[in-house]
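In case you want the letters, here they are:
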Amino acid sequence: MPKPKVTAGQQWRFDAPVVAIAFDAEGQGAFALGDGTLRTFTPGDAETQTVEAHQGATLALTAHPESGFLSGGDDGRLVHAVPGEAPRELLKVKSRWIENIAAAPETGLIACTAGKSVHLLTGDETIVFPHATTAAGVAFDPKGRRLAVAHYNGVSLWWTKSAEQQPKLFEWKGSHIAVTWSPDGRFLVTSMQESALHGWRIEDGANMRMSGYPSKIKSMAWDRRGRSLFTAGADRVVAWPFTGRGGPMERDPVQIGPARDAMIQIVAAHPEADIVAAGTTDGAVWFEEIGDPGTNFMMLNAAKIAALAFSPEGTHLAIGDEEGNAAVVPVV
Amino acid sequence: MSQVPVTVLTGYLGAGKTTLLNRILTEQHGKKYAVIVNEFGEIGIDNDLVVDTDEEVFEMNNGCICCTVRGDLIRILGGLMKRKDKFDAILVETTGLADPSPVVQTFFVDDDVKERTKLDSITTVVDAKHVLDRLKDTHEAAEQIAFADQIILNKTDLVSEDDLKRVERKIRELNPLAPIHRTERCAIALDKVLGRGAFDLQRLLDLEPELLNPDHDDHEHSSDIASVSLSTKKPLDGDKITKWLQTLLAERGQDLLRAKGILDIKDKDERLVFQAVHMVMDGAFGKQWKDGEKRFSRIVFIGRNLDEAELERGFSACVA
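Residues numbered from 1 in each chain as written. Chains lettered and ligands numbered in written order. Predicted model: local features only at pLDDT ≥ 70, side-chain atom pairs only at ≥ 80, totals over all residues.

1. Thoughts on the overall build of chain A
Put simply, the rule reads: Starting at the N terminus, helices and strands are each numbered in turn, a helix being any DSSP run of H or I of at least four residues and a strand any DSSP run of E of at least two. The globule rule used for comparison is 2.2 Å times the number of residues to the exponent 0.38, while the radius of gyration itself is calculated over C-alpha atoms. The exposure scheme places C-beta atoms from the backbone and then counts, for each residue, the other C-beta atoms within 10 Å of its own, assigning buried at 20 or more, exposed at 12 or fewer, and partly exposed in between. Residue pairs are scored as contacts if the distance between their C-beta atoms, which are placed from the backbone, is within 7 Å.
Looking only at helices and strands, chain A has 0 helices and 30 strands in total. Its C-alpha radius of gyration of 19 Å places chain A within 12% of the 20 Å reference for a compact globule of 332 residues. Across its three principal directions, the C-alpha atoms of chain A cover 55 × 50 × 30 Å. Across the 332 residues in chain A, those meeting the buried criterion constitute 54%. Of the contacts formed within chain A by residues at least 6 apart in sequence, a portion of 44% connects residues at least 24 apart.

Have a look at this one:
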């Protein structure tokens, strides 16, 4: 296969690894870097603005429910960064890292992990939900009223109303390192240390095991209608069906994209079309329309792709790798 | 991508781990270190990064092997690798009561950890004054010594030379391979502690256990940990020895703490070198035997309830 380099769009070479990418509600983008900064941009522009958000490395980034970005760092700070404004500290924890952030545009709630605790920021107060082991992933349900926390031996579900409650526990032995909620709110899926996914049907807690991956699944993305879950961890994108009452139970996944001698690290789903994008361990990025055999293929560099994100309207794809190479390319 | 060396520092409560860390970090070394500790003590030097963690040990079922790993380490090492500043080395301090197995196995079973870091050594700090008592009333103290690639025998100023010799004999029963560095207040040169390459197979050139198969009837024995050394001058059958080791590790891996071996394989010009931690084995062909060099095979096992006669039989059956 020919290896076209990224030609269209903008490219940058930052002097720190790209850790995460997000777009805010207004269509501004941001790269989170291992030097503690965010580099914000407008798709199509070659300029980036630097936000000094953290002292060590930025570890997590997501869009703020209203505008701008939320970032977490190994300085224990949760920061709200709006391009052109001074970053605002929302939370600071002692000697723990903020490694995961979730935001719910529906309710305006923000949650982040810090060691074994999850901090829920309601705007009026901060509620702390404790766990027996490290909170390794956090996700809101689609209505923004319930919080799923991945940890060792399962997932805890918390209502976002009060601190005084016992979480509902979905148990499955092993270390759960990330969690995502299906867009229809019916399923929870976790990524596990043992290179497999685990799922639960919320209504009855039915278990579903999705295994067969050669490596850890570091990225999951729902397609725009919530009918499939795109996953990394194999040499092609593995898409699990989530239609019908049973979702992926007793069904096989579909594999998408070119089979290459590299693993998929990161996946992203287009917000308005049936397009999936993937970034690989050898620095390749491709996106392809489901059912269309044509693949848009490009090489960013030779380093592992660390993050991918489509702009809110799907006009651009932002890419970053572990060596600080970054690009924003038009999606055509 | 270069791998950052990681030194694991174990030792019973009060042995002097924190003193050693402070010495390492305050020395004028011009290097940048990250230190992963369980409690912020009086550690923390300008140029270095101290990360506080809770030891989270969990079972990981990885295909055919089941072992325990440190989940918190996987996460923290991953986070450290995202930083702009790269580290010259990482030190992991374990709690005094910790079994060293999970931390060591973490470096063998997690792909991301393996790719970005490499285990440099297990360094165990031993309190010369109290270690004999600790060996009587705990099993962790013996495991920490048995696991070590090197031992810092600290507080030597608090005991007599005779007592030191007794302590060293006791250490040798548990671990005949690890060099012992005598120190007072953990005063030891940095290069003696870091950059040992204890898990680097290409550096495994010779195995000379200091105490060969000691008499197991010693009344001072407080633990069932001991070592067995096997050797032969006859070349081994490559398939047989590999299969024997694999079976042994699979069946007895829980009891085998450490194993190291240099093997002379029939019709091979290079040494086959291996080392194992419980059920996880790592092997490679190493340096060539020189012309006229006396070839040999030697394996040292350190573990619990080792049956020397049975091991000897199994090993002998692998002679080509």
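2. Considerations on the overall build of chain B
Secondary structure summary: chain B contains 10 helices and 14 strands in total. Here the C-alpha radius of gyration of chain B, 20 Å, is about what a compact globule of 320 residues would show, namely 20 Å. Across the 320 residues that make up chain B, the buried fraction comes to 45%. Contacts in chain B between residues at least 24 apart in sequence constitute 74% of all its contacts with a sequence separation of at least 6.

3. Here we look at helix 9 (residues 238-252) of chain B
Residue and element names in this part refer to chain B. Spelled out, the test is: Expected helix span is taken as 1.5 Å per residue step, with the number of steps being one fewer than the number of residues. In this context, the arc is that of the directions from the helix axis out to the C-beta atoms.
With 15 residues, helix 9 ought to run about 21 Å at 1.5 Å a step, and its terminal C-alpha atoms sit 21 Å apart, in line with that. Along helix 9, the residues that are buried comprise Ile241, Leu245 and Leu248. Seen from one end, helix 9 has its buried residues packed into an arc of 65 degrees, which puts them on one side. Opposite the buried face of helix 9, by more than 90 degrees, sit the exposed residues Asp239, Lys243, Thr247, Ala250 and Glu251. If you follow the buried residues of helix 9, they end up packed against strand 11 (256-264), strand 13 (280-288) and helix 10 (308-316).

4. Here we look at unusual backbone geometry
Located in the positive-phi region is A:Glu250, a residue other than glycine, with phi close to 60 degrees. Mapped onto the elements, A:Glu250 comes out in the loop between strand 22 (237-241) and strand 23 (254-256). Unlike most non-glycine residues, B:Lys155 shows phi in positive territory, near 65 degrees. Looking at the secondary structure, you find B:Lys155 in the loop between strand 8 (150-154) and helix 7 (161-174).

5. Quick notes on the nonpolar core
Counted only if it meets this: Residues of type Ala, Val, Leu, Ile, Met, Phe, Trp, Tyr and Cys that are buried and joined through C-beta atoms within 7 Å form what is called a nonpolar core.
The biggest cluster of nonpolar side chains holds 108 residues, and the ones touching the most others in it are A:Val267, A:Ala277 and A:Leu308. Apart from residues no more than four positions distant in its own chain, A:Val267 is found in contact with A:Ser219, A:Met220, A:Ala221, A:Phe230, A:Thr231, A:Ala232, A:Val237, A:Val276, A:Ala277 and A:Ala278. Judged by nonpolar contacts, the second largest core, of 90 residues, contains B:Leu91, B:Val104, B:Leu256 and B:Leu272.

6. Structural notes on the interface of chain B and chain A
The partner chain A presents 21 residues to the 15 residues of chain B that form the contact. For the side of chain B that touches chain A, the secondary structure elements donating two or more residues are strand 4 (57-62) and helix 2 (71-80) of chain B.

7. Some thoughts on helix 7 of chain B
Residues and elements named next belong to chain B. Taking 1.5 Å per residue, 14 residues should reach 20 Å; helix 7 reaches 20 Å between its end C-alpha atoms and fits that length. Restricting attention to buried positions, one finds in helix 7 the residues Val167, Ile171, Glu173 and Leu174. Within helix 7, the buried residues cover an arc of 155 degrees as seen down the axis, which keeps them to one side. Opposite the buried face of helix 7, by more than 90 degrees, sit the exposed residues Glu161, Asp162 and Lys165.

8. Thoughts on the confidence of the model for chain B
Rules: In predicted models, pLDDT denotes the confidence assigned by the predictor to each residue on a 0 to 100 scale.
A residue-level look at chain B finds 91% of positions with pLDDT of 70 or above and a mean pLDDT of 88. Under a pLDDT of 50 for its full length, residues 217-221 of chain B has, in the predicted model, 1 contact with residues more than four places off or in other chains.

9. Quick look at the sheet that holds strand 3 (residues 29-33) of chain A
Residues and elements named next belong to chain A. The cut-off we apply is this: Two strands are counted as paired when DSSP detects at least two bridges linking them. Helix axes are fitted to C-alpha atoms over the stretch in contact, other axes to C-alpha atoms as well, and angles between N-to-C directions run from 0 to 180 degrees.
Taken in spatial order, the 4 strands of this open sheet run 2-3-4-5, and their pairing is antiparallel. Strands at the two margins of the open sheet, each flanked by one partner only, are strand 2 (18-23) and strand 5 (48-52). Going across the sheet, the axis of each strand differs from the next one's by a mean of 20 degrees, ignoring polarity. Pairing analysis gives 5 bridges linking strand 2 to strand 3, with the strands arranged antiparallel. When the bridges of strand 3 are listed, Ala20 appears paired with Ala32.

10. Some points on the pairing of strand 11 (residues 109-114) of chain A
All names here are of chain A. When you tally the buried positions in strand 11, you get 6 out of 6 residues, the bulk of the element. In strand 11, alternate side chains face the same way, and those of Leu109, Ala111 and Thr113 on one face and Ile110, Cys112 and Ala114 on the other are all buried. Bridge analysis of strand 10 (residues 98-104) against strand 11 gives 5 bridges, and the strand direction is antiparallel. Looking at the pairing, Ile101 lines up with Cys112 of strand 11. Between strand 10 and strand 11, which pair antiparallel in sequence order, lie 4 residues; one of them, Gly108, sits at a positive phi of approximately 75 degrees.

11. Describing the environment of B:Thr156
All names here are of chain B. Examined against the element boundaries, Thr156 turns out to sit in the loop between strand 8 and helix 7. Assessed through the 19 C-beta atoms surrounding it within 10 Å, Thr156 is described here as partly exposed. Linking Thr156 and Val126, residues 30 residues apart in sequence, is a C-alpha distance of 9.8 Å. Not counting residues up to four positions away in its chain, the partners in contact with Thr156 are Ala128, Leu164, Arg182, Thr183 and Glu184.

12. Comments concerning the domain arrangement of chain B
Residue and element names in this part refer to chain B. Going by this rule: As used throughout, domain bounds are those supplied by an automatic or database domain assignment. All residues other than Ala, Val, Leu, Ile, Met, Phe, Trp, Tyr, Cys, Pro, Asp, Glu, Lys and Arg, Gly among them, are scored as polar; the first ten of these are nonpolar and the last four charged.
Looking at chain B, the domain boundaries give domain 1 (4-199) and domain 2 (203-316). A straight line from the C-alpha centre of domain 1 to that of domain 2 covers 24 Å. Across the contact, 23 residues belong to domain 1 and 24 residues belong to domain 2. The element that contributes the greatest number of residues to the side of domain 1 that touches domain 2 is helix 3 (residues 101-109), accounting for 5 residues. In the side of domain 1 that touches domain 2, the residues fall into 13 nonpolar, 5 polar and 5 charged.

13. Topic: the sheet that holds strand 18 (residues 196-201) of chain A
All names here are of chain A. As summarised here, the arrangement of the 6 strands in space is 14-15-16-17-18-19, forming an open sheet in which the pairing is antiparallel. Since the sheet does not close on itself, it has two edges, and those belong to strand 14 (137-140) and strand 19 (207-210), each with one partner. Between one strand axis and the next, the sheet turns through 45 degrees on average, direction left out of account. Bridge analysis of strand 16 (residues 168-181) against strand 17 (residues 187-192) gives 5 bridges, and the strand direction is antiparallel. In the strand pairing of strand 17, Thr180 is matched with Val189.

14. Focus on the pairing of strand 15 (residues 146-159) of chain A
Residues and elements named next belong to chain A. With 4 bridges connecting them, strand 14 and strand 15 associate as antiparallel partners. Paired with Phe140 across the two strands is Leu147, which belongs to strand 15. A loop of 5 residues connects strand 14 with strand 15, the two strands running antiparallel in sequence, and Gly144 in this loop sits at a positive phi of about 75 degrees.

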